[in-house]
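Now for the letters of each chain:
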Amino acid sequence: MRILAIESTCDETACAIVDDARIVRSNVVASSSELHAVYKGVVPEIASRAHIENILPVVREAIDQAKTNFDEVDAIAIAHRPGLIGSLIVGLTAAKTLAWSLGKPLIGVDHVAAHLYSVQLSRLAAELAPPVSLPAIGLVCSGGHTAIYLVHDWHDIQLLGKTIDDAVGEAYDKVGALLNLSYPGGPVIDKLAQQGDPTAIKFPRASLGKESLNFSFSGLKSSVINTVHNARQKGDDINPYDLAASFQASVVEVLVHKTLRAAKEKNIKQLLLAGGVAANRGLREALSAKMALELPEVEVVIPPLSLCGDNAAMIGAAAYTEYQQKHFAGHDLNAHPGLVLGE
Ligand code: KG4
Ligand code: ZN
């Protein structure tokens, strides 16, 4: 079962060839990140135009790297939600055109579900690792999403909590812009934080009530902005290492605390961490350490860095379960920008 998958939800134009949700024959990603760097954030129109330029070469490259051809492909998968509407439409149009002209089935995939499924792909791709044990709690954190899910099975994913304002990656990138760091700010702040004192500045932790599994990062972001502006007005030096470490400590503490609470409330076997911010060293280490201490029977599973950021291999792998259930989309499949998984 060979799937050609396309991902274009944000600023990565990606195409992958995946066999049976376990063999990644190619996984090509062209990012327009450099074009957005000057604006310190993704500019939707620029992202859409970059997708238009990149989509055909990226599909060609994925086919060539996989040493296959269109005839050998069994289905076309596309991440059709959620994301930037102009970006989604480019990938969706390419996928529909391929499906129609080749006479192959079309499969619509939810981008956030695919981030969760990237953990399963990492297990299936490693020959000796057993598949993910369900039910599992999944924390997805990226530039556009921050949410906790209860994965009953891959077709039954329940939303337990989500951000009510900024996504965690967005908060990282905004703090990065404030500090004039290179874009995207997330990986740079993560690096700076390794050398800073996390207790240097006490930033707020938003709990949103004892029972809530929702997140809020806008108060933290404002607090960082105020701290930096106050220091600049007074002519005080800001230690970027301490600021990064203190900011990251606040983010990580809230993410770990709520995820751990969800894991304790539900009878689960594994805890999955996915999305671009799953690459964060502080988060990976803190989540694994806290779980080992408080819930040692629950295994923490995090995919390799190549599957954390946006990629099409996770779309192709997630599409396989849809293919098995014959969940095919019509050629009227539309793009949906909002977060809909589990809502
Ligand atoms: O999943 P992703 O590639 O795209 C979206 O679906 O949004 O995530 C991109 C986000 C960016 O905000 C980037 O700054 C953040 O992931 N990111 C990180 C790290 N690596 C990437 N944030 C914190 N620490 C990192 N090491
Ligand atoms: Zn993503």
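Residues numbered from 1 in each chain as written. Chains lettered and ligands numbered in written order. Predicted model: local features only at pLDDT ≥ 70, side-chain atom pairs only at ≥ 80, totals over all residues. Heavy atoms only, no water.

## What to know about the site of ligand 1
In the neighbourhood of ligand 1, 19 residues make up the surrounding shell, with Gly143, Asp173, Asp190, Gly276 and Asn280 lying closest. The side chain of Asp190 places a nitrogen or oxygen atom 3.0 Å from a nitrogen atom of ligand 1. Within the complex, 86% of the 560 Å² of free accessible area of ligand 1 lies under protein. Among the detected pockets, ligand 1 sits in the largest pocket. Contributing elements (two or more residues each) for the shell around ligand 1: α4 (111-125), α5 (168-178) and α6 (185-194). Taken together, the residues that form the shell around ligand 1 break down as six nonpolar, 10 polar and three charged. (Near = heavy atom within 4 Å. Polar contact = N/O pair within 3.5 Å; in protein donor to acceptor, adjacent residues only side chain to side chain. Areas by Shrake-Rupley, 256 points an atom, 1.4 Å probe, with all protein chains shown as cover. 1 Å grid on protein atoms, 1.4 Å probe; cavity = no way out; pocket = protein on both sides within 12 Å on 5 of 7 lines; lining within 4 Å. Sits in = over half its atoms within 2 Å of the grid points. Helix = DSSP H or I, 4+ residues; strand = E, 2+ residues; numbered from the N terminus. Nonpolar A, V, L, I, M, F, W, Y, C, P; charged D, E, K, R; others polar.)

## Observations regarding the environment of Ser31
Counting through the fold element by element, Ser31 comes out in strand β3 (residues 23-31). Setting aside its immediate chain neighbours within four residues, Ser31 contacts Asp11 and Glu12. Here the side chain of Ser31 touches Ser33 through a polar contact of 3.0 Å, landing on its backbone nitrogen. (Contact = heavy atoms within 4.5 Å.)

## Some words on the coordination of the zinc ion (ligand 2)
Donor atoms from the polypeptide that bind the zinc ion (ligand 2) are His111 (NE2), His115 (NE2) and Asp310 (OD), placed at 2.1 to 2.2 Å. Of note is the zinc ion (ligand 2), whose four donor atoms meet at the metal with angles of 94 to 147° in an arrangement that counts as irregular. Sequence spacing of the donor residues for the zinc ion (ligand 2), all on one chain, is H-x3-H-x194-D. Taken together, the positions of His111 and His115, both in helix α4 and four residues apart, correspond to about one turn of that helix. A relative accessible area of 2% places His111 in the buried class. Under the relative-accessibility criterion, His115 is labelled buried at 0%. (Donors = N, O, S within 2.8 Å, 3.2 Å for Na, K, Ca; no water. Tetrahedral: all angles 85-135°; square planar, octahedral: opposite > 155°, others 65-115°. Buried < 20%, exposed > 50% of the residue type's maximum accessible area, 1.4 Å probe, protein only.)

## Let's talk about the packing of α5 against α6
The geometry of α5 relative to α6 is characterised by a closest axis approach of 7 Å and an angle of 75° between their N-to-C directions. By the criterion of interaxial angle, the relationship of α5 to α6 is roughly perpendicular. Each of Tyr172, Asp173, Val175 and Gly176 in α5 lies in contact with α6, whose residues at this interface are Gly185, Gly186 and Ile189. Of the residues assigned to the contact of α5 with α6, the class counts are three nonpolar, three polar and one charged. (Axes fitted to C-alpha atoms, helices over the stretch in contact; angles between N-to-C directions. Parallel < 35°, antiparallel > 145°, perpendicular 65-115°, else oblique.)

## Let's talk about the domain arrangement of the protein chain
As assigned here, the protein chain comprises domain 1 (2-111 + 310-324) and domain 2 (117-306). Put simply, the middle of domain 1 and the middle of domain 2, counted by C-alpha atoms, are 26 Å apart. Counting residues at the interface gives 20 residues for domain 1, matched by 14 residues for domain 2. Both sides of the domain 1 and domain 2 interface together cover about 1300 Å² of buried area, and 64% of this is carbon and sulfur. Here domain 1 and domain 2 share zero salt bridges between them. Of all elements in the fold, only β3, α1 (33-37) and α11 (313-324) reach the threshold of two or more residues within the side of domain 1 that touches domain 2. (Domains from an automatic or database assignment. Buried area = accessible area lost by both parts, 1.4 Å probe. Salt bridge = Lys/Arg side-chain N within 4 Å of Asp/Glu carboxyl O.)

## So, the packing of helix α7 (residues 218-234) against helix α8 (residues 240-265)
Between α7 and α8, the least distance of the axes is 11 Å, while the angle of their chain directions is 165°. Judged on the interaxial angle alone, α8 and α7 are roughly antiparallel. When you trace α7 past α8, the crossing you get is right-handed. Contacts from Leu220, Val224, Thr227 and Val228 of α7 reach α8 at Leu243, Phe247, Ser250 and Val251. Of the residues in the contact of α7 with α8, the class split is six nonpolar, two polar and no charged. (Left-handed = near helix turned anticlockwise from the far one by under 90°.)

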